[in-house]
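Given next are the chains, with one letter for each unit.
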Amino acid sequence: MTHRPTDRNGTDRQGTGEVWLMPVFVAEAGHEKALQEALRALQTQSRKDAGCLEYTVFSDAQRPGTFVLFEGWSRDEDLAAHNEERHVKDFMKEVSPLLAVPFSVTPLAPLQ
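Because the structure is a prediction, the values reported are computed rather than measured. (Residues numbered from 1 in each chain as written. Predicted model: local features only at pLDDT ≥ 70, side-chain atom pairs only at ≥ 80, totals over all residues. Heavy atoms only, no water.)

Across its full length, the chain holds three helices and four strands. Mapped in sequence order, the helices and strands of the chain form the string β-α-β-β-α-α-β. Buried residues in the chain amount to 35% of all 112 residues. Contacts spanning at least 24 positions in sequence make up 64% of the contacts within the chain whose residues lie at least 6 apart. (Helix = DSSP H or I, 4+ residues; strand = E, 2+ residues; numbered from the N terminus. Buried < 20%, exposed > 50% of the residue type's maximum accessible area, 1.4 Å probe, protein only. Contact = heavy atoms within 4.5 Å.)

Our focus in this paragraph is the environment of Gln 45. Of note, Gln 45 is situated in helix 1 (residues 32–46). Each C-alpha atom, one on Gln 45 and one on Val 88, is 8.9 Å from the other, the two residues being 43 residues apart in sequence.

As a further point, take the packing of helix 1 against helix 3 (residues 86–95). Orientation of helix 1 relative to helix 3, taken along the N-to-C sense of each, is 175°, at an axis distance of 10 Å. Put simply, helix 1 runs roughly antiparallel to helix 3. Contact residues: helix 1 offers Leu 35, Ala 38, Leu 39, Leu 42, Gln 45 and Ser 46, while helix 3 offers His 87, Val 88, Phe 91, Glu 94 and Val 95. For the contact of helix 1 with helix 3, the class distribution of residues is seven nonpolar, three polar and one charged. (Axes fitted to C-alpha atoms, helices over the stretch in contact; angles between N-to-C directions. Parallel < 35°, antiparallel > 145°, perpendicular 65-115°, else oblique. Nonpolar A, V, L, I, M, F, W, Y, C, P; charged D, E, K, R; others polar.)

Bringing the confidence of the model for the chain into the picture now. Here the chain averages 89 in pLDDT, and 86% of its residues register 70 or above. Counting contacts from residues 1–14, a segment whose pLDDT is below 50, to residues more than four positions away or on other chains yields 20 contacts. (pLDDT = per-residue confidence, 0-100.)

All right, on to helix 2 (residues 76–83) then. Burial in helix 2 covers these residues: Asp 78, Leu 79 and His 82. Looking straight down helix 2, one finds that the buried residues subtend no more than 100° of arc, so they occupy a single side. (Arc of directions from axis to C-beta.)

We now examine the side chain of Glu 54. If you trace the backbone, Glu 54 turns up in strand 2 (residues 52–59). Within the structure, Glu 54 has its side chain in polar contact with the side chain of Thr 56 (distance 2.3 Å). (Polar contact = N/O pair within 3.5 Å; in protein donor to acceptor, adjacent residues only side chain to side chain.)

As defined by bridge partners, strand 2 adjoins strand 3 (residues 66–73) across seven bridges and the pair is classed as antiparallel. Residue pairing in the sheet places Cys 52 in a bridge with Trp 73 of strand 3. Hairpin connection from strand 2 to strand 3: six residues lie between these consecutive antiparallel strands, with Gly 65 at a positive phi of about 85°. (Pairing = 2+ DSSP bridges.)

Written out as structure tokens, the structure is:
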């Protein structure tokens, strides 16, 4: 069985130059709720950005205070524009003191 990636509308996404990322955020002890709220706000705003295919934050069920973001962009240019948005820059300043370690970003690619 072959799975071809599709967007929310069922449109074929394979080979389109999309960008998929998985950032991971670990809260400093005592800052879990503040980080969660900041991520929730970022999720709401970022879903409106041009080229956003997916932008969902998950809580790691096995590691309290750890949050995983799954994001997809139509093109590199859309991701670059997103990173220049005021809500992203404000988020980066706001969460820096809330993190136990700098957040990591893993680029993802669908299996062919």
